[in-house]
Amino acid sequence: MTVLEMRDVVKEYRLRNGLRTTPLRAVDKVSFELQPGRTIALVGQSGSGKSTIAKLLMQLERPTFGAILVNGEPMRYRGAGAAAYRKAVQMVFQDPFASLNPYHTIGHHLARPVRLHHPDFNGAQVNERVLDLLRRVRLEPVEEFARRKPHELSGGQRQRVAIARALAPEPAILVADEPVSMLDVSIRLGVLNLLATLQREENLGVLYITHDLATARHFSDEIMVLLRGEVVEHGPADDVILHPQHEYTQLLAQAAPAPERRLTELGVVPHR
Amino acid sequence: MTPDTVLSIENLSIDYLAETTVHAVREVSLTLQRGEILGLAGESGCGKSTLAYGITRLLKPPALITGGRVVFSSREGYDIDLSSLAGEDLRAFRWDKIAMVFQGAMNSLNPVLRISEQLEDVFITHRPELGKAERRARCGELLERVGVDRDRLRAYPHELSGGMRQRVMIAMALALEPQVLIMDEPTTALDVVVQREILREITRLRSELGFAVIFITHDLPLLLEISDRIAVMRAGLIVELGDAVTLYTKPEHPYTRRLLSSFPSLTGRRGGFVRNAVPGDDIALDETEQTVEAANAEEMEAL
Amino acid sequence: MAITTEGPQTATETGSPVAATRRRVPPMTLKLGVGLSIAGLIVLFGLIGPLLVGDPSTVRDIGLTGPGNGFVLGTTQSGQDVFAQLAYATRGSLIIGVVVGAITLLLSSFFGVVGAFVGGWADEAFSLLTNIMLVIPGLPLVIVISSYVPNKSIWLVAAVLAITSWAGSARVLRGFTLSVRSRDYVLAARISGEKRWRILLVEILPNLIPLLASQVVFAVIFAILGEAGLSFLGLGASGSFTWGTMLFYAQNGLALRLGAWWWFAPPGLAIAVFGAALSLINFSIDEIINPKLRSQTRAERNKWSMSRDQRKAATEVSA
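What counts and how
Residue numbers here run from 1 along each chain, matching the order of that chain's written sequence. Written order determines the labels here, with chains lettered from A and ligands numbered from 1. Selection of residues for local features in this predicted model requires a pLDDT of at least 70, selection of side-chain atom pairs for listing and counting requires 80 or more, and totals for whole chains, interfaces and linings are taken over all residues. Helix and strand labels come from DSSP, where a helix needs a run of H or I of at least four residues and a strand needs a run of E of at least two; each type is numbered from the N terminus. Here the C-beta atoms are placed from the backbone, and a residue counts as buried if at least 20 other C-beta atoms lie within 10 Å of its own, exposed if 12 or fewer do, and partly exposed otherwise. We call two residues in contact whenever the C-beta atoms placed from their backbones are within 7 Å. By this definition, two strands are paired if DSSP reports at least two bridges between them. To define axes, lines are fitted to C-alpha atoms, for helices over the stretch in contact only, and angles between the resulting N-to-C directions are given on a 0 to 180 degree scale. We call two directions roughly parallel when the angle between them is under 35 degrees, roughly antiparallel when it is over 145, roughly perpendicular when it lies between 65 and 115, and oblique otherwise. Note: crossing handedness is left-handed where the near helix turns anticlockwise from the far helix by less than a right angle, and right-handed where it turns clockwise. Each residue is assigned to one class: nonpolar for Ala, Val, Leu, Ile, Met, Phe, Trp, Tyr, Cys and Pro, charged for Asp, Glu, Lys and Arg, and polar for all the others, Gly among them. The split into domains, and so the bounds of each, comes from an automatic or database assignment of domains.

Description of the overall build of chain C
Link 1 in the chain: Broken down by element type, chain C carries 14 helices and zero strands.
Link 2 in the chain: Its helices and strands taken in sequence order, chain C reads α-α-α-α-α-α-α-α-α-α-α-α-α-α from the N to the C terminus.
Link 3 in the chain: Expressed as a percentage of the 319 residues in chain C, the buried residues total 39%.
Link 4 in the chain: Counting contacts in chain C only where the partners sit at least 6 residues apart, residues at least 24 apart contribute 70% of the total.

Following this line, the structure appears as structure tokens:
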């Protein structure tokens, strides 16, 4: 049972402008609580701060103010606490082509995290875990995929490897940073469905970072809308999309392509 | 070819010659009517960009047109077979009659030149008879027409936002008042709000100036919003072509259906793809990744 | 930073439909074949030549003679066997090349790669040191060092050349390491909790190998040319045989004036040919680093087997 909480987190960068520096608030007092088995969508356009939040959660940056808590305890950056955090919180990157090292096999990519979190495993046990992970993301035949290198896989397959890698340490929380936005359109839902299935099976808490309102709505329980680092709206998914309160959310909902709206304007009743 | 057709693509084939020959575009036939917006939808690798480059004769080796032809019917009443153009004629033709906005266009502006210089460059090349003052005036008009303030002429590209840069690229494409505009994923890298504005500009400009548009993108719902007709492309073939509304409400080809179902509706029923569905209901991952050849062959048989 | 804040872009395949296999070893092309063969032959000559020829320093009183009379490349002014000298000189120059290459590899990797990877003050310090070494003029420094030590051995010359040349490589490696360091798969390794040295060795180094190889080859070329230049000025290892010292003695013996081509042409040619061979090898390595170069070479173009009309039509693009 791992609960991840961000409490009034602020991240400020200092931009150098000649001799002066101006502060830039990439993240401005963001708070949320992620329970196991729930999905929170973080929706924002570019520059909204959603990538910074991902970096903060993955300990690649430190908050300027505020705290990130795991089960009520502040996140640790060193020592056993940090190792425990890394085991509990994992990330799926956006770019399937950049998140795998072209020189190593798929098996190697998965074996490393397994070994790191189970130093007591012997070779055979590690191998078994690796093949099991591949099975769970439906990359079969598993032995063959373990031997392949990233360039021999398609974008969707690589993203599934990235998901498998994130699952290797048996985490409790998954941060998915735009996991499907760089994939071909027709395989996006398949990958999202896979994530949903895995979440169900492992009772994971998922932070789904995206710019796409439609998948955010279908995939998550709650939605947070981010504008210039601030959360302007936060609520249950259907409420936020269908009855947006903040004008920015309304603007987003209006701006997204909505074929049904056009069809009703034209007086056509869709058959789907 | 009806008198209303401005562009007629007849059995165009484009191959990539390499260790194995790849048929990027296979005997594609399309007609573009004057003033219409034709959406060209497809995923990466389907050949839509290659087709666009083929039409404008911008293909670089190892890509090569291996068959078919493209005929342009000008407003003034004459027809030109694009493959017969060469050298100076081709140079004069491009941009004047058919213009293109490329993928990632907003990053195609020269960062060390002002916007005015880059816009004026088009006129210097194609309308050398214009005087300096007249050129300046036209550039100003162009910018205002795409919704950018005239005094942005003196700015450098990095001082403009992504959306504004894209508008500048559109302005550049419209400079010589072409009859056909080809746009390759013009809004993909933009925020959804800016995207909506750009689409509005394009439809407005189309009604003002009367040019035809081939709008290439993978975003099918977006095409429904602005296109008159939509062509769906896959592995070098046009698998479905029809009126936008019909294609959306009564898609015929299985690939079109699959493409449409990949876009969950924002406001509709929360069905089809749901987190609480029974496991095993998910869209099978395997079938979506089978080789394109095999899938195409399958579907050809099924039809 | 790979977690990009740009809007999403569908991953489009590049124009080339040929599978983008990441090669570790350059593909065998004519360029590479020629380069390797020539370099290989010269290395072989340097290794076993001295074992087969006579003593290069034996002075005879036949004076300056051309090829013939049992001397493949004639004799020097003091009757020494030029061919024997060439064999020993090849070995000498190769030793210098190898030593400089090795030292440059060690120093530039340490100051370039490790510095960039560790970051922070170490990176700043190493970078500063690298820049200082870059700015110090190499040749005057070498001359100064050389003038302090009258009887230089090959090893000293090699060391001096290495010290003045590692900085350029270090800068290149640093830039590349910085870019690799911010790639997603390195971040993924960090997030997994991998130890830093493991990340350096396992994730970053394989990507650096082609660049390192190219830098080392470049260093060897520079070393040989540099040594030749030094020796010609009389600042080299005058007691040993290298291509450069041969040229020095040839110049001193007025070989050019006297038309004794067999004395100065062989070492000069050897330098040029070996340098060219190494450069060819480097171009092949460059094709791994920058795959776009592959499709632009004539060999690739020939593979397209377009007809002349097609080729003509294709060049219309640049019209």
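Side note on the sheet that holds strand β2 (residues 20–34) of chain A
All names here are of chain A.
Link 1 in the chain: Judged by pairing direction, the sheet is antiparallel, and its four strands sit side by side in the order β2-β1-β4-β5 without closing on themselves. The sheet is open, and its two borders are formed by β2 and β5 (73–74), each paired with just one other strand.
Link 2 in the chain: Of the strands in this sheet, β1 (4–17), β2 and β4 (65–70) touch helix α1 (residues 50–57), which is tilted by about 70 degrees from β2.

Let's talk about the packing of helix α5 (residues 162–174) of chain B against helix α6 (residues 192–209) of chain B
Residues and elements named next belong to chain B.
Link 1 in the chain: At a minimum axis distance of 10 Å, the contact between α5 and α6 shows a crossing angle of 20 degrees. One way to sum up the angle between α5 and α6 is to call them roughly parallel. The element α5 and its partner α6 pack so that their crossing is right-handed. Residue-level inspection shows Gly162, Gly163, Gln166, Arg167 and Leu174 of α5 in contact with α6, the latter providing Val194, Glu197, Ile198, Glu201 and Leu205.
Link 2 in the chain: Looking at side-chain class alone, the contact of α5 with α6 contains four nonpolar, three polar and three charged residues.

Examining the domain arrangement of chain B
Residues and elements named next belong to chain B.
Link 1 in the chain: Split by domain assignment, chain B resolves into domain 1 (1–97 + 179–266 + 283–303) and domain 2 (105–177).
Link 2 in the chain: Placing the centre of domain 1 and that of domain 2 at their C-alpha centroids yields a distance of 27 Å.
Link 3 in the chain: At the interface, 12 residues of domain 1 touch 14 residues of domain 2.
Link 4 in the chain: The leading source of residues in the side of domain 1 that touches domain 2 is α6, at six residues.
Link 5 in the chain: Classifying every residue of the side of domain 1 that touches domain 2 gives nine nonpolar, no polar and three charged.

A look at the interface of chain B and chain A
Link 1 in the chain: With 37 residues of chain B at the contact, the number on the chain A side is 41 residues.
Link 2 in the chain: If you list the elements that add at least two residues to the side of chain B that touches chain A, you get α6, α7 (220–226), α8 (244–249), α9 (254–261) and α10 (285–289) of chain B.
Link 3 in the chain: Of the residues belonging to the side of chain B that touches chain A, the class tally is 16 nonpolar, nine polar and 12 charged.

Topic: unusual backbone geometry
Excluding glycine, residues mostly have negative phi values, and the peptide bonds linking residues are mostly trans.
Link 1 in the chain: Note the cis peptide between glutamate 140 of chain A and proline 141 of chain A, where omega equals 5 degrees.
Link 2 in the chain: Within the secondary structure, proline 141 of chain A sits in the loop between α4 (123–136) and α5 (142–147).
Link 3 in the chain: Phi is positive for asparagine 11 of chain B, close to 50 degrees, though the residue is something other than glycine.
Link 4 in the chain: The topology assignment puts asparagine 11 of chain B in strand β1 (residues 5–16).
Link 5 in the chain: Non-glycine residue leucine 254 of chain C carries a positive phi angle of around 55 degrees.
Link 6 in the chain: Judged by the 13 C-beta atoms lying within 10 Å of it, leucine 254 of chain C falls in the partly exposed class.

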